[in-house]
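Analysis of the macromolecular model
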Amino acid sequence: MSTETITIQKLGAQGDGIAQSADGPVYVPFALPGETVAIARVKSHGTLMSIAAASPDRQEPHCRHFGPDGVNGTCGGCTLQHYADAPYRAFKRQLVVDALRSKGLTPEVDELIAAHPGERRRVVFAARKTEKDMLIGFNQAESHHIVAIHECPIASAGIISRLPAIRAVGAALAVNAEAFRISVLETLSGLDIAVDEIKKLSDKQRRSAIETVLALRGIARVSLNGEILVEPMKPMIDFGGVQVSPPPGAFTQATKPAEDAMADLVAAHVGKAKRIADLFSGSGTFTLRLARIGRVHAVEGEDKPLAALDHAARNTQGLKPVTTERRDLFRRPLMAQELKAYDAVVFDPPRAGAEFQSKELARSAVKKIVAVSCNPSTLARDLALLVESGYRITRVTPIDQFLWTSHVEVVAALEK
Ligand SMILES: C[S@@+](CC[C@H](N)C(=O)[O-])C[C@H]1O[C@@H](n2cnc3c(N)ncnc32)[C@H](O)[C@@H]1O
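Along every chain, residues carry numbers that run from 1 in the direction the sequence is written. Since the coordinates come from a predicted model, pLDDT governs what is reported: local features require at least 70, and pairs of side-chain atoms require 80 or more to be given and counted, while whole-chain, interface and lining totals use all residues. Only hydrogens and water are removed before side-chain values are computed, so all heavy atoms of the structure are retained for them.

Naming follows an unreviewed UniProt entry, where the protein appears as Class I SAM-dependent RNA methyltransferase of Rhizobium jaguaris.

1. Points about the sheet that holds strand E8 (residues 134–139)
Here is the rule we go by: Between any two strands, at least two bridges found by DSSP are needed for them to pair. Only DSSP runs of H or I reaching four residues or more are called helices, and only runs of E reaching two or more are called strands; each is numbered from the N terminus. Throughout, an axis means a line fitted to C-alpha atoms (over the contacting stretch in the case of helices), and angles, computed between N-to-C directions, take values from 0 to 180 degrees. By the convention used here, residues are in contact when the closest approach between their heavy atoms is within 4.5 Å.
The strand order across the open sheet formed by seven strands is E9-E8-E7-E10-E11-E12-E13, and the pairing between neighbours is mixed. In this open sheet, the two strands that pair with only one neighbour each are strand E9 (146–148) and strand E13 (227–230). Neighbouring strand axes in the sheet, compared pairwise and without regard to direction, differ in orientation by 40° on average. Relative to strand E10 (residues 180–187), strand E7 (residues 122–129) is paired through six bridges, and the arrangement is antiparallel. Bridge pairing links Ala-126 to Arg-181 in E10. The strands touched by helix H3 (residues 163–173) within the sheet are E7, E8, E10, strand E11 (190–196), strand E12 (219–224) and E13, with E8 carrying the most contacts at an inclination of about 110°. Across the sheet, helix H4 (residues 203–215) lies against E12 and E13, angled at about 65° from E13, the strand it touches most.

2. A word on the environment of Val-372
Here is the rule: Residue burial is assigned from relative accessible area. The probe radius is 1.4 Å, only protein chains are included, and a residue is buried under 20% of its type maximum, exposed over 50%, and partly exposed in between.
Inspection of the secondary structure puts Val-372 in strand E20 (residues 368–373). Under the relative-accessibility criterion, Val-372 is labelled buried at 1%. Residues Val-372 and Val-42, 330 residues apart in the sequence, show an inter-C-alpha distance of 38 Å. Here Val-372 is in contact with Met-262, Val-266, Phe-286, Val-346, Phe-347, Asp-348, Pro-349, Val-410 and Val-411, once residues within four sequence places are set aside.

3. Looking at the nonpolar core
The test is simple: The nonpolar core is taken to be a set of buried Ala, Val, Leu, Ile, Met, Phe, Trp, Tyr and Cys residues, with the residues joined through side-chain atoms within 4.5 Å.
One finds Phe-125, Ile-166, Leu-173, Ile-182, Ile-193, Val-195 and Val-222 to be the most contacted residues of the largest nonpolar core, which totals 47 residues. Sort the elements by how many residues they give to this core and H3 lands first, with six residues. The contact partners of Val-222, leaving out residues within four places of it in the chain, are Val-169, Leu-173, Ile-193, Val-213, Glu-227, Ile-228, Leu-229 and Val-230. Leu-279, Ala-371, Leu-386 and Ile-393 belong to the second-largest nonpolar core, a separate cluster that totals 35 residues.

4. Section: the sheet that holds strand E16 (residues 275–279)
In space, the seven strands of this open sheet follow the order E18-E17-E16-E19-E20-E22-E21, with mixed pairing throughout. The open sheet has two free edges, formed respectively by strand E18 (322–326) and strand E21 (392–399), since each of these has just one partner strand. If you compare each strand with its neighbour and ignore which way they point, the axes differ by 15° on average. Where E20 meets strand E22 (residues 409–415), six bridges bridge the pair, whose relative direction is antiparallel. By the bridge assignment for E22, Ile-369 is matched with Leu-414.

5. Some words on the pattern of salt bridges
Let me state the cut-off plainly: By convention in these notes, a salt bridge is any Lys or Arg side-chain nitrogen within 4 Å of a carboxyl oxygen on Asp or Glu.
For the structure shown, the criterion picks out 28 salt bridges. A salt bridge links Lys-256 to Asp-238, with the nearest nitrogen and oxygen atoms 3.9 Å apart. In this pair, Lys-256 is assigned in helix H5 (residues 256–270) and Asp-238 in strand E14 (residues 237–239), connecting sequence segments 18 residues apart. The class for Lys-256 is partly exposed, based on a relative accessible area of 26%. Residue Asp-238 is classed as partly exposed on the basis of its relative accessible area, which comes to 23%. A salt bridge links Arg-327 to Glu-325, with the shortest nitrogen-to-oxygen separation between them at 3.0 Å. A relative accessible area of 6% places Arg-327 in the buried class. For Glu-325, a relative accessible area of 22% puts it in the partly exposed group. A single network of salt bridges, built from pairs that share partners, joins Arg-121, Asp-238, Lys-256, Glu-259, Asp-260 and Arg-289.

What follows is the structure in structure tokens.
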């Protein structure tokens, strides 16, 4: 390890400060562009030791678990909370601009739709039962160490106020000292808690866990490794005025404001299309809103979210017809021939993007396409395929739902 003083030039795609040294780039977490910092260096990784000249954009962090001096270690989330709002938002927008430019695409990119503290309704906690305590928190960056938390500036008040109940659920289910995960979704009827990575549970322990949960307030459901353990209330979430009960551990957008912003953009881009396909539909975040515009065919790889979506669509008045199809869109994308049935196609794949589906869309005559993505680099690859085949990008909007991180969502509209 060597110690040196360097000047940070920019932030990288993961949010680390990057400085150029004689032997290549050095990545320095928690350092900001323009700062001169002393670092302890191992190869290309620099640990921030002290700041010789701070950026005027450096601000007080919102959380005491933050940074190299974080209480009880450094929580691995929110690594950009010391960056002032305006440059932080400009950095996230620029990630999208740069990713598109790397594929030769130069559309106008909107300002970032901002996220705010207290909006996160979906939080995944790291947990471990010790002899003395039930630890609930977040993993320290690149470590199994759990930074125990009792507050969190990004999580919703409904989750933070129920941390004692979440801790009680963890304690009731933990078998031994192994680390496990507790995913919490705040729903209209209470918390939907999905516990994973606990392998063995005796019948006695199961019964006692159920009793514990039933005595707690504000818990709608607890599931263990995907199976419902106890469900005092059906967890319900609202997709544009339609109530859906998602399966345990189902994908939902992490914040309601970002979900609404994405859904509004998707609906606006789809316009008056009468025949719509919603690919990678999940439990119907976009499908159920789009069903107010035209008939929608929802395609998704998992059974349970589709069943939830189907049930909600069948029990809601005033929607146009909704059909569902379980299909592995990575192996079997909707082919150009099948795409003839639609005026508009929305696709919202996982981080890997939708390369094969984009190739088929590129061969199709679908008039409007809306691409939703949580990964600007795979999005850029997929959009480039569409642009090469004659589609025109009409709007690109970056949206923040993972506050103070380098993750950014994007909604892109295309026409032919
Ligand atoms: C980013 S989520 C979007 C879900 C939904 N559009 C929403 O906003 O809630 C991606 C979805 O793709 C689904 N998925 C993952 N791999 C898939 C595959 N190979 N084929 C079809 N769907 C897949 C996941 O189950 C998940 O529901």
